[in-house]
Amino acid sequence: MAMPDLAGAGAMAAKARKILEAEIEKQILPGGVPAEQSSTYGAFSIEFALLAAFAARQQGEPFGPVFETRLVAFAGWLAAISSSGIAPSFCDDDE
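The sections below set out a description of the structure shown in this document. (Residues numbered from 1 in each chain as written. Predicted model: local features only at pLDDT ≥ 70, side-chain atom pairs only at ≥ 80, totals over all residues. Heavy atoms only, no water.)

## Notes on a nonpolar patch on the surface
Consideration 1: Judged by side-chain polarity, Met 3, Leu 6 and Met 12 come together as a nonpolar surface patch covering roughly 310 Å² of accessible area.
Consideration 2: A relative accessible area of 44% places Leu 6 in the partly exposed class. (Patch = residues over 30% accessible without salt bridge, like charges linked within 9 Å, V, L, I, M, F, W, Y side chains within 5 Å. Areas by Shrake-Rupley, 256 points an atom, 1.4 Å probe, with all protein chains shown as cover. Salt bridge = Lys/Arg side-chain N within 4 Å of Asp/Glu carboxyl O. Buried < 20%, exposed > 50% of the residue type's maximum accessible area, 1.4 Å probe, protein only.)

Here it is as structure tokens:
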């Protein structure tokens, strides 16, 4: 998307979009829980998904409703498990 004049840019963007839409469903479960069941790993994944979502919106081609729903579900899950705005450390961040 950043280099539309690059040969094959459209095909690469379409492939990336398809991969991202499939991955959000694998990485964030319908209830918002990250598949890795780690708040920190989930946040790491969501940062990339949000960046892609913002870029797609800026181009006038937002992701589908499932993508958006998973982002919102993760935010709700994170808020539900957080105490005073601090998520508990477990799984990948349990040191």
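The structure having been displayed, the exposition proceeds.
## Some thoughts on the pattern of salt bridges
A side chain with one charge may pair with a side chain of the opposite charge, provided their charged atoms come close.
Consideration 1: Within the structure shown, the criterion is met by 3 salt bridges.
Consideration 2: The partner of Glu 21 in a salt bridge is Arg 17, and the shortest N-O contact between them spans 3.9 Å. Here Glu 21 and its partner Arg 17 are both found in helix α1 (residues 9-27), 4 residues apart, which amounts to about one turn of the helix. (Helix = DSSP H or I, 4+ residues; strand = E, 2+ residues; numbered from the N terminus.)

## Some points on the packing of α1 against helix α2 (residues 39-58)
Consideration 1: It is the contact of α1 with α2, at a shortest axis distance of 11 Å, that shows an interaxial angle of 145 degrees. Here α1 runs over α2; the crossing is left-handed. The segment α1 lies against α2, with Arg 17, Leu 20, Ile 24 and Gln 27 engaging Tyr 41, Ser 45, Ile 46, Ala 49, Ala 52 and Ala 56.
Consideration 2: Partitioning the contact of α1 with α2 into residue classes produces 7 nonpolar, 2 polar and 1 charged. (Axes fitted to C-alpha atoms, helices over the stretch in contact; angles between N-to-C directions. Left-handed = near helix turned anticlockwise from the far one by under 90°. Contact = heavy atoms within 4.5 Å. Nonpolar A, V, L, I, M, F, W, Y, C, P; charged D, E, K, R; others polar.)

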